[in-house]
Amino acid sequence: MLWHKAWLETRWRFISAVLILTVMAGGNVYGWLATRALLPQLNTTTISPAAEATGLGSVIREAVELNKTFRGYIWYQAFRQNLTQMGVLFAVVLGCGGLVTESTQGSALFTLSLPITRRRLVGTRAGVGLAQCFAMAIVPSLVIPILSPAVGERFGLVDALAHGLCIFFVGAVFFSLASFLSTLFGDIWRPMLIAISIACALAFASLVIPQLRIFSVMSGETYFKTGSLPWAGLLTSAVIATALLYSAAETLERRDF
Amino acid sequence: MFTEAEVHVVSDRPVIETAGLWKRYEGVEALRGLDLQVPSGSIFGFLGRNGSGKTTTIKVLLGMARPSRGEARVFGCSPSGQDGVEIRRRTAFVSDEKDLYDYMAVGEIVAFTRSFYPRWRADLEQQYLRKFELPLDRNIKGLSRGMRTKLAMLLALCRGADLLMLDEPTSGLDPAMAEEVLQALVGHVAAQESTVFFSSHQLAEVEQIADHVAIIDRGQTVVSDALDDLRARYRRIQLVFEGDAPEIRVHAPGTHRVRRQGRVITVLSSSSGDAVIQELRGYRPSSFDVSPVSLKDIFLESVRTED
């Protein structure tokens, strides 16, 4: 029944996240019609020398090139931008809360009086949260191949699942980070703000340090370009997520209520 | 898990034992060498002023907080680690605030709690649902404080627990509701032969249902005994003089408080009073009266009010 409690605590956050991400993914598919109509008007030669000098020109050219095909457009718009960025945000939102937050609301003593260990509490909440993260990554991804025929295109089911898997693994890192931070702070705002700040810092740092390109793993860039999953990145994400959840359990174990 | 043999052995010893229990929270010493023994089968009233360490003691006993020093044992086991799970399986707890999960309905939290207790009493569940008039489909968020308390009591009483640990069970309730909750508690204990350990500010209700009491002050036990023994031991001795009462100094052991007001001197004694009475008669008062005292008098005398 602990899973039921964890579900009840997070269900509205989860349902909202899945709905929003699904609508965004569907919107991206239907947005292809407008993009396809605009493509002939795009002229990459209009990029100013100043933009070329800063490297912005190559970024714009890459975007234009990617948007010329439906597969490239979907990867660029959905997997590289919307589902990745919003996926991080919702993974953090799902990870916030738990026993320490309960203690500020008063119900923690009831939970702690139950004949269960704190590790089981953390484990169950993490299990439910990770299952939600998985659904949050896979459901919107699957919407893309399902809706693609409506715009006269096709998107591979396996491709969608592969990208969904990448979103899940990296999303799990941010879920675990928020879970860990939630064992340190009683409110949900500080864990949320700190986790999102770390995500933003990583995004900027990855521009300078290529090894920190966690969002490249999340978008499945390697899979899009070469057809093989970023195994090292996924494994690293799994290890980091496990370490964060273990730290959360350890912190909670030592805490006085 | 406890074996049958262990259960048998621990039944002869105090259900709760603490020895030299210390707990420090961020520089504040909530418990300072607390010694406590709660006999099996007793209804044990745990008294103290606000901030005296009652709730901290309960938290340590249930493994919610770890002692800084000293020892705490419930059913002969330490509350930390795996034994803590077994202690909580045999213990029902109601917190001071009675905060439950606001997002659950009454029926949901009953089903949720039931799932953790193999000895859950489905018959009592039905009985208390009717008695307390708790609507299964009502959201907990919408319950009044009284209804929340009743629900918290139901969740505790149906666990089939050997020990009920209640932190201020009637706080915030009107007298009628408080009486209803107390009667349910007394009726339950009479039928189930469990031990009750409850903290309270309500001295009248402690006197009404407890057979043992402990008074703690600033994290230490200052009085602990069977209530009847306390009543038998403590005496108020009143001396009235013809003129102004003289300054007196009582040396006999067991003298707690000496108050001098005009022609009257009042002495509180905790040792049947024989030696104290002998000594006080030496002052030759015009009238001399020895009377029993209430728990309130003992409480007020035991907890220091100066800071």
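Residues numbered from 1 in each chain as written. Chains lettered and ligands numbered in written order. Predicted model: local features only at pLDDT ≥ 70, side-chain atom pairs only at ≥ 80, totals over all residues. Heavy atoms only, no water.

For interface size, the figure often reported is the accessible area lost on association. Residues and elements named next belong to chain B. By the assigned domains, chain B splits into domain 1 (16-227) and domain 2 (234-303). Between the C-alpha centres of domain 1 and domain 2 there is a distance of 37 Å. Each partner contributes to the interface: domain 1 provides 13 residues, whereas domain 2 provides 8 residues. Of the roughly 800 Å² buried at the junction of domain 1 and domain 2 (both faces included), carbon and sulfur atoms supply 85%. In this structure, the connection of domain 1 to domain 2 is made through 0 salt bridges. On the surface where domain 1 and domain 2 come into contact, there are 1 residue pair in polar contact (both at pLDDT 80 or more). Taken together, the elements giving at least two residues each to the side of domain 1 that touches domain 2 come down to strand 3 (43-48), helix 8 (203-209), strand 8 (212-217) and strand 9 (220-226). Tallying contributions element by element places strand 8 first for the side of domain 1 that touches domain 2, with 4 residues. For the side of domain 1 that touches domain 2, the class distribution of residues is 9 nonpolar, 1 polar and 3 charged. (Domains from an automatic or database assignment. Contact = heavy atoms within 4.5 Å. Buried area = accessible area lost by both parts, 1.4 Å probe. Salt bridge = Lys/Arg side-chain N within 4 Å of Asp/Glu carboxyl O. Polar contact = N/O pair within 3.5 Å; in protein donor to acceptor, adjacent residues only side chain to side chain. Helix = DSSP H or I, 4+ residues; strand = E, 2+ residues; numbered from the N terminus. Nonpolar A, V, L, I, M, F, W, Y, C, P; charged D, E, K, R; others polar.)

On to the packing of aromatic side chains, then. In total, this model carries 16 aromatic pairs over all chains according to the counting rule given. Ring geometry for B:F46 versus B:F197: centroids 4.8 Å apart, planes at 35°, classification tilted. Residue B:F46 is found in strand 3, and its partner B:F197 is found in strand 7 (residues 195-200); the two are separated by 151 residues along the sequence. Each member of the aromatic cluster is reached from another via a ring pair, and the members are A:F110, B:Y101, B:Y103, B:F112 and B:F116. (Phe/Tyr/Trp six-rings, centres within 6.5 Å; stacked < 30°, edge-to-face > 60°.)

Once that is clear, we can look at the nonpolar core. Ranked by internal contacts, the top residues of the largest apolar core, which has 100 residues, are B:L151 and B:F197. Ranked by the residues each element gives to this core, the list is headed by helix 6 (residues 145-157) of chain B, at 8 residues. Lining this core are residues from two domains, each supplying at least three of them: domain 1 (16-227) and domain 2 (234-303) of chain B. For B:L151, the residues in contact, after removing those within four places along its chain, are B:L100, B:V106, B:I109, B:V110, B:L134, B:I140 and B:L143. In terms of nonpolar packing, the next biggest core, distinct from the first, is built from 58 residues, A:F70, A:L94, A:F155 and A:F215 among them. (Core = buried A, V, L, I, M, F, W, Y, C linked by side-chain atoms within 4.5 Å. Buried < 20%, exposed > 50% of the residue type's maximum accessible area, 1.4 Å probe, protein only.)

This part covers helix 9 (residues 189-208) of chain A. All names here are of chain A. For helix 9, with 20 residues, the first-to-last C-alpha span of 29 Å sits near the 28 Å given by 1.5 Å per residue. Regarding helix 9, the residues found buried are P191, M192, A195, A199 and S206. On an axial view of helix 9, the arc spanned by its buried residues comes to 105°, and they lie on one face. Exposed positions of helix 9 whose direction lies more than 90 degrees from the buried face are W189, L193, F204, L207 and V208. (Expected span 1.5 Å × (residues − 1). Arc of directions from axis to C-beta.)

Residues and elements named next belong to chain B. Counting through the fold element by element, T195 comes out in strand 7. T195 sits in the buried class, given a relative accessible area of 2%. One polar contact links the side chain of T195 to the main-chain amide nitrogen of G41, over a distance of 2.7 Å. Leaving out residues up to four positions away in the same chain, T195 has contacts with V15, V38, P39, S40, G41, S42, D162, L163 and L164.

What follows concerns the interface of chain B and chain A. The interface of chain B with chain A comprises 28 residues on the first partner and 27 residues on the second. When chain B packs against chain A, close to 2,400 Å² is buried across both sides, 62% of that on carbon and sulfur atoms. The largest share of the area that chain B buries against chain A comes from B:M64, B:Y103 and B:F116, three residues that together contribute 26% of it. Applying the counting rule to chain B against chain A returns 12 residue pairs in polar contact (both at pLDDT 80 or more). A per-element tally of the side of chain B that touches chain A places helix 4 (residues 106-114) of chain B first, with 5 residues. Of the residues that constitute the side of chain B that touches chain A, the class distribution is 15 nonpolar, 5 polar and 8 charged.

On to the environment of A:L56, then. Topologically, A:L56 is positioned in helix 3 (residues 56-66). Sequence-wise, A:L56 and A:A126 are 70 residues apart; in three dimensions their C-alpha atoms are separated by 40 Å.

This paragraph deals with the sheet that holds strand 3 of chain B. Residue and element names in this part refer to chain B. Strand order in this open sheet of 6 strands is 5-6-7-3-8-9, and the pairing throughout is mixed. Pairing within the sheet leaves two strands with one partner each, and these edge strands are strand 5 (91-94) and strand 9. Adjacent strand axes in the sheet meet at a mean angle of 15°, parallel and antiparallel pairs treated alike. Both strand 5 and strand 6 (residues 163-167) contribute to a ladder of 4 bridges, which runs parallel. (Pairing = 2+ DSSP bridges. Axes fitted to C-alpha atoms, helices over the stretch in contact; angles between N-to-C directions.)

For the coordinates displayed, the defined rule picks out 31 salt bridges over all chains. Among the salt bridges present, the one from A:E221 reaches A:K225, with a minimum N-O distance of 2.6 Å. Of the two residues, A:E221 and A:K225 are both situated in helix 11 (residues 221-226); the distance of 4 residues between them amounts to about one turn of the helix. Put simply, B:R89 and B:E86 hold a salt bridge, and the shortest N to O gap is 3.5 Å. Placement of the pair is B:R89 and B:E86 together in helix 3 (residues 82-89), with a separation of 3 residues, close to one helical turn. Residue B:R89 is classed as partly exposed on the basis of its relative accessible area, which comes to 26%. On the accessibility criterion, B:E86 (6% relative accessible area) is buried.

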